[in-house]
Amino acid sequence: MTQENKITALIMAGKRSGRLDPLAANAGVSQKAVVPVLGVPMVERVVQQVAACELIGDIRIVAHEPDEIAALPTIAALLDEGRLKFAEGKFNIVDSVISGAEDVTFPMLITTADNCLVTPEGYSEFITKCLAKEAGAAAGLARKEDVIAADPEGQKKFYQFRDGGFSNCNLYWLGSEKALSAAEIMRGGGQFVKFPSRIIKAFGLMNLIRFRLGTGSKEKLFEQASGRFGVKLVPVELSNGQYAIDVDNQRTFDVTERLLRKRGEQEAA
């Protein structure tokens, strides 16, 4: 893949207004994105993995407080190189995505600053599968069995489809500027397992029923949404259950550090 054809990566590193994240408070920093995970600020760790993916070119970070992030060594170097830029974080996640997508070259991959377990190989897998499916927009999913194998005491609720249970990996794909309309699915905040009413708004009532009963396929659900937003939406199944674990609280922080430590030991062996 030539430099001109490489994928743009958008990393969401915003913060919720009005309160300090508990992990940030414990770490003595002003925002969650710079909380050290196994000694490396989580957004810096994510940028390192993104930058190491041979299919990714330009990188953008959406942040409300960019100065603290920009001072991190890896990010400062990429800023100097001209490969990385910042975009202004907005009040809503959808508006933040739109802000980050301004003047970018599509296709664009979206991930989050707390997605510390996704590797360069994971990003390559997602990108390759999105391109193969000719996706207008896509979401990365991991199988329930793989997620439980990675974190047996963790997530209990999954998206249930006819072909099994799945978890969101916080990996998204926008194939073109037109696909920004699909980002509206997340305007209510996502988390469809916790808030099924949001499925009605994003996918329709019949799909909520299929979702609750586990009788519909994930492909059918995305196909129905394709008609609503005018772009081809597809689910992309990923091979590693760790990709569905983000640093959301103290428990997942501890799990992430344990998995990263184990990964480091395996690489050193």
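This is a predicted model, so every value here is computed, not measured. Residue indices follow the written sequence of each chain, beginning from 1 at its first position. Local features are withheld for residues below a pLDDT of 70 in this predicted model, meaning they are given only at 70 or higher, and side-chain atom pairs are given and counted only at 80 or more; totals for whole chains, interfaces and linings count all residues. Water and hydrogen atoms play no part in the side-chain values, which are based on all heavy atoms of the structure.

1. Describing the overall build of the protein
Point 1. Secondary structure elements are taken from DSSP: a helix is a run of H or I of four residues or more, a strand is a run of E of two residues or more, and numbering for both begins at the N terminus. A count of helices and strands for the protein gives eleven helices and ten strands.
Point 2. Each residue's exposure class comes from its accessible area (1.4 Å probe, protein chains only) as a fraction of the maximum for that residue type: buried when under 20%, exposed when over 50%, partly exposed otherwise. A buried classification covers 53% of the 269 residues belonging to the protein.
Point 3. Areas reported as accessible are Shrake-Rupley estimates using a 1.4 Å probe. Residue values count occlusion only from the protein chains shown. Per element, the accessible surface of the protein, about 12600 Å² overall, is 52% carbon and sulfur.

2. A look at the pattern of salt bridges
Point 1. Put simply, a salt bridge is a Lys or Arg side-chain nitrogen that is within 4 Å of an Asp or Glu carboxyl oxygen. Under the definition given, this model contains nine salt bridges.
Point 2. A salt bridge links Lys 218 to Asp 163; the shortest N-O distance between them is 2.5 Å. Of this pair, Lys 218 sits in helix H10 (residues 218-229) while Asp 163 sits in the loop between strand E8 (159-161) and strand E9 (164-174), and the two are 55 residues apart along the sequence.
Point 3. Under the relative-accessibility criterion, Lys 218 is labelled buried at 4%.
Point 4. Each of Arg 143, Asp 163, Lys 218, Glu 219 and Glu 237 takes part in salt bridges that share partners, so that together they form one network.

3. A look at the environment of Leu 10
Point 1. If you trace the backbone, Leu 10 turns up in strand E1 (residues 7-12).
Point 2. The buried category is assigned to Leu 10, whose relative accessible area is 0%.
Point 3. Counting along the chain gives 50 residues from Leu 10 to Arg 60, while the straight-line C-alpha distance between them is 4.8 Å.
Point 4. Contact criterion: two residues are considered in contact whenever any of their non-hydrogen atoms come within 4.5 Å of each other. If sequence neighbours within four positions are ignored, Leu 10 has contacts with Arg 60, Val 62, Val 97, Gly 100, Met 108, Leu 109, Ile 110 and Thr 111.

4. Here we look at the nonpolar core
Point 1. Throughout this description, the term nonpolar core refers to a set of buried Ala, Val, Leu, Ile, Met, Phe, Trp, Tyr and Cys residues connected via side-chain atoms within 4.5 Å. Residues Ile 11, Val 43, Ile 61, Ile 69 and Tyr 123 are the most contacted members of the largest nonpolar core, which totals 56 residues.
Point 2. Ranked by the residues each element gives to this core, the list is headed by helix H2 (residues 42-51), at five residues.
Point 3. In this structure, Ile 69 is in contact with Ala 13, Gln 31, Ala 33, Val 34, Val 43, Ile 61, Ala 63, Ile 75 and Phe 86, ignoring residues within four places of it in sequence.
Point 4. Counting 22 residues, the second largest nonpolar core, distinct from the first, contains Val 62, Val 104, Ala 182 and Val 231.

5. As for the confidence of the model for the protein
Point 1. A score between 0 and 100, pLDDT records how confident the predictor is in each residue. With 86% of its residues at a pLDDT of 70 or more, the protein has an overall mean of 86.
Point 2. This model gives residues 189-200 a pLDDT under 50, and the stretch forms 25 contacts once residues within four places in sequence are excluded.
Point 3. In this model residues 204-213 is a low-confidence stretch, pLDDT under 50, and it forms 18 contacts with partners more than four residues away in sequence or in other chains.

6. A look at the side chain of Glu 125
Point 1. Relative to the helices and strands, Glu 125 is located in helix H6 (residues 120-132).
Point 2. Within the local environment of Glu 125, its side chain forms a polar contact with the side chain of Ser 239, the two groups lying 3.0 Å apart. By the criterion applied in these results, polar contacts are pairs of N or O atoms within 3.5 Å in which, for protein atoms, one can donate a hydrogen and the other can accept it, and in which residues neighboring in sequence qualify only through two side-chain atoms.

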